Amino acid sequence: MWGELIQEVRVAQTGVQILFGFLLTVVFTPRYPELTSVDRAIYIMTVVLGACATGALIGPVSLHRLVAGRRVKPQAVRWASRMTFVGLVLLLATMTAALLLILRVATHDGFVPWLVSAVVLWYVLCWFAVPMWTRRRYTSR
């Protein structure tokens, strides 16, 4: 289970690190001072969420390194799995906030919250609902 978990973390970790790196550059663009106070608050929240998601998704690697060879693999897998789940939830929040910010800046139309909500619903369906349904449906007792 450890090998599978680390492979899963690698995929999510790469995505969150690219997103976080991009977010860090936004504050240095010429357009940043033109953002409204609400958009700046969304940006700050997005950066903090991205930092937290990065920490949670890198956590399993650090955990493995620090406990390797100590015969605590079942406990390490459990904790790494929990960190990964928290990281995915934080990544969901980060992507939601980033999408909200980008769409607010790109267009000031009233459909932005609806579009963001639809994307969030899609993420929840793909990342949580289908896996939980599959788990319930196909796990043998």
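Quick look at the structure, then. Per-chain numbering applies: the sequence of each chain, read as written, is numbered from 1 onward. With the structure being a predicted model, the display of local features is reserved for residues of pLDDT at least 70 and the display and counting of side-chain atom pairs for 80 or more, all residues being used for whole-chain, interface and lining totals. To get the side-chain values, all heavy atoms of the structure are used, and hydrogens and water are removed first.

1. Thoughts on the environment of L103
Part 1 of the argument: Strands here mean DSSP runs of E at least two residues long; helices mean DSSP runs of H or I at least four residues long; both are numbered from the N terminus. Locating L103 in the fold gives a position in helix α3 (residues 73–106).
Part 2 of the argument: Sequence separation between L103 and P113 is ten residues; the distance between their C-alpha atoms is 9.0 Å.
Part 3 of the argument: Note on contacts: a residue pair is in contact if any heavy atoms of the two residues lie within 4.5 Å. When residues no more than four places from it in sequence are discounted, the contact partners of L103 are V112, L115 and V116.

2. Regarding the packing of aromatic side chains
Part 1 of the argument: Two aromatic rings, drawn from Phe, Tyr or Trp (for Trp, its six-membered ring), form a pair once their centres lie within 6.5 Å of each other, and the interplanar angle then sorts them: stacked below 30 degrees, edge-to-face above 60, tilted otherwise. Enumeration according to the criterion identifies five aromatic pairs in this entry.
Part 2 of the argument: Between W127 and F128, the ring centres sit 6.4 Å apart and the planes meet at 70°, which makes this aromatic pair edge-to-face.
Part 3 of the argument: When its relative accessible area of 27% is taken as the criterion, W127 is described as partly exposed.
Part 4 of the argument: Judged by centre distance (5.9 Å) and plane angle (90°), the rings of W133 and Y138 are edge-to-face.
Part 5 of the argument: Residue burial is assigned from relative accessible area. The probe radius is 1.4 Å, only protein chains are included, and a residue is buried under 20% of its type maximum, exposed over 50%, and partly exposed in between. For Y138, a relative accessible area of 54% gives the class exposed.
Part 6 of the argument: Feature note: the residues F85, Y123, W127 and F128 constitute an aromatic cluster, connected by ring pairs.
Part 7 of the argument: The lysine or arginine in question, R82, covers the ring of W79, its NZ or CZ lying 4.9 Å from the ring centre. Here, over-ring charges are defined by two tests on the NZ atom of lysine or the CZ atom of arginine: distance to the ring centre within 6 Å, and angle to the ring normal within 35 degrees.

3. Quick word on helix α2 (residues 37–67)
Part 1 of the argument: With 31 residues, α2 extends 44 Å between its outermost C-alpha atoms, agreeing within 8% with the 45 Å of an ideal straight helix rising 1.5 Å per residue.
Part 2 of the argument: Of all the bends in α2, the greatest reaches close to 35° and is centred on G59; the proline P60 follows between one and four positions later.
Part 3 of the argument: One or two residues past the end of α2 sits G69, with phi positive at roughly 80°. By this rule the span expected of a helix is its residue count minus one, scaled by 1.5 Å. Take the seven residues that end at a residue and the seven that start at it, fit an axis to each, and the angle between those axes is the bend at that residue.

4. Description of the side chain of T54
Part 1 of the argument: In this structure, T54 sits in helix α2.
Part 2 of the argument: Of note is the side chain of T54, whose polar atom sits 2.8 Å from the backbone oxygen of G50.
Part 3 of the argument: When neighbours within four sequence positions are excluded, T54 is seen to be in contact with V16, Q17 and F20. Under the rule applied, a polar contact is a pair of N or O atoms within 3.5 Å (in protein, one hydrogen donor and one hydrogen acceptor; residues adjacent in sequence only if both atoms are side-chain atoms).

5. Comments concerning unusual backbone geometry
Part 1 of the argument: Phi at R71 takes a positive value of approximately 60°, unusual for a residue other than glycine.
Part 2 of the argument: Considering the arrangement of structural elements, one finds R71 in the loop between α2 and α3.
Part 3 of the argument: Overall, the relative accessible area of 80% leaves R71 in the exposed class.

6. A closer look at the layout of surface pockets
A probe matching the size of a water molecule, rolled over the atoms, marks out where space remains unfilled.
Part 1 of the argument: Both cavities and pockets are sets of points on a 1 Å grid over the protein atoms alone; in a cavity a 1.4 Å probe fits but cannot get out, in a pocket the set is open with protein on both sides within 12 Å along at least five of seven lines, and lining residues sit with an atom within 4 Å of a point. Grid points are joined across faces, edges and corners, and a volume is the space filled by probe spheres set on the points. In this structure, the largest pocket occupies an estimated 750 Å³ of space.
Part 2 of the argument: Forming the walls of the largest pocket are 20 residues, and the residues nearest its centre are L5, E8, S81, T84 and L88.
Part 3 of the argument: At the level of secondary structure, the elements contributing two or more residues to the lining of the largest pocket comprise α1 (2–26), α3 and α4 (112–138).
Part 4 of the argument: In the scheme used here, Gly and all other residues not listed as nonpolar or charged are polar, with Ala, Val, Leu, Ile, Met, Phe, Trp, Tyr, Cys and Pro taken as nonpolar and Asp, Glu, Lys and Arg as charged. When its residues are assigned to classes, the lining of the largest pocket shows 13 nonpolar, three polar and four charged.

7. Focus on the side chain of T46
Part 1 of the argument: Within the secondary structure, T46 sits in helix α2.
Part 2 of the argument: A polar atom in the side chain of T46 sits 2.6 Å from the backbone oxygen of I42.
Part 3 of the argument: Sequence-distant contacts of T46, that is, excluding residues within four places in its chain, are made with L23, T94, A97 and A98.

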